[in-house]
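Examining the three-dimensional arrangement
Chain by chain, the residues run as shown.
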Amino acid sequence: MIYDNKKIAIITCVNNEAIYNESLLYIEHLNVPEGMRIELIEVQQAESMASGYQEAMEGSDAKYKIYMHQDCFPCNKNLLQDIVALFKSNSSIGAIGVAGSGSLKTEKPVWWRSKDKYGKIYTKEADEFIELNEFGQIDGEYVSVSAIDGVFIATQYDLPWRHDLFDGWHFYDISQTREFINAGYDVIIPRQVTPWIIHFTGRKIVDESYKRYMDIFVENYYK
């Protein structure tokens, strides 16, 4: 495929049109880098997050792709410019996230339980106030990490999403981080002066499949 380096695809798996439409309102107010354009890709009835992202990735010739949850609201108007500038500054950067960790425990690879967490996210739970979640200090322009959260992942290269392993809604993000690292790319979290996104988390409960996909991740990436 010949990639269009003037295009940014924003890819979202959608099962709630109302909340996705609210996210689109934020996207409409983003500053698009001069000479570039946005391609919006809405994936309906995805069998899993990884399979939905794989389908969208294969159908887009955009060099730059953003994989974003439907309840993710990009609130920093300059984030597209920041993303493209970071990618252009270093061809070894494969993926960019807004939160994650520098290391993962082998037995329980959950990024938010790591001691070296990084990033910033505004979160809003149900009708509560918007809260700033700020993790470790990033002194330079960015920090390389071992895991990024799947709420927002930007890439400048296409690597297969492991939907053969992660056929649900967990660990597809940390798996993709590992795929980029194993392919020789850096995965980074930038120093955000102002957080890039608001994540409307709602009241979510981690289901029993989370442990199963954690075991799949450990089996395939640590053993």
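These lines cover the structure that appears in this document, whether it is placed above or below. (Residues numbered from 1 in each chain as written. Predicted model: local features only at pLDDT ≥ 70, side-chain atom pairs only at ≥ 80, totals over all residues. Heavy atoms only, no water.)

To continue, consider helix 5 (residues 209-221). Its 13 residues place the ends of helix 5 18 Å apart at the C-alpha level, agreeing with the 18 Å of an ideal helix rising 1.5 Å per residue. Taken as a whole, helix 5 has its buried residues at S209, Y210, Y213, M214, F217, V218 and Y221. Residues of helix 5 that are buried sit in contact with helix 4 (172-182). (Helix = DSSP H or I, 4+ residues; strand = E, 2+ residues; numbered from the N terminus. Expected span 1.5 Å × (residues − 1). Buried < 20%, exposed > 50% of the residue type's maximum accessible area, 1.4 Å probe, protein only. Contact = heavy atoms within 4.5 Å.)

With that settled, the discussion passes to the nonpolar core. Residues I66, I83, I96, F152 and W196 are the most contacted members of the largest nonpolar core, which totals 68 residues. Beyond its immediate stretch of four places on either side in the chain, F152 contacts I66, Y67, M68, C72, L79, I83, I96, G97, V98, W196 and I197. (Core = buried A, V, L, I, M, F, W, Y, C linked by side-chain atoms within 4.5 Å.)

Attention now moves to the pairing of strand 11 (residues 152-155). Of the two faces of strand 11, the one carrying F152 and A154 and the one carrying I153 and T155 are both buried. As paired strands, strand 3 (residues 62-68) and strand 11 are joined by 4 bridges and run antiparallel to one another. Its bridge partner being in strand 11, I66 is matched across the sheet by A154. Sheet analysis places strand 5 (residues 93-97) next to strand 11, joined by 3 bridges and oriented antiparallel. (Pairing = 2+ DSSP bridges.)

Spatially, the 7 strands line up as an open sheet ordered 2-1-3-11-5-12-9, and their pairing is mixed. Both outer strands of the open sheet, strand 2 (37-44) and strand 9 (142-144), are each paired with one neighbouring strand and no more. Averaged over all neighbouring strand pairs, the angle between strand axes comes to 25°, with direction disregarded. Looking at chain direction, strand 1 (residues 4-14) and strand 2 are connected through 8 bridges and run parallel. Note on strand 2: the bridge partner recorded for V14 is Q44. Where helix 1 (residues 17-28) meets the sheet, its contacts fall on strand 1, strand 2 and strand 3, and the angle it forms with strand 2 comes to roughly 170°. The strands touched by helix 3 (residues 79-89) are strand 1, strand 2, strand 3, strand 5, strand 9, strand 11 and strand 12 (186-190); relative to strand 5, the strand with the most contacts, the crossing angle is about 155°. (Axes fitted to C-alpha atoms, helices over the stretch in contact; angles between N-to-C directions.)

What is shown is where atoms sit, not what they do.
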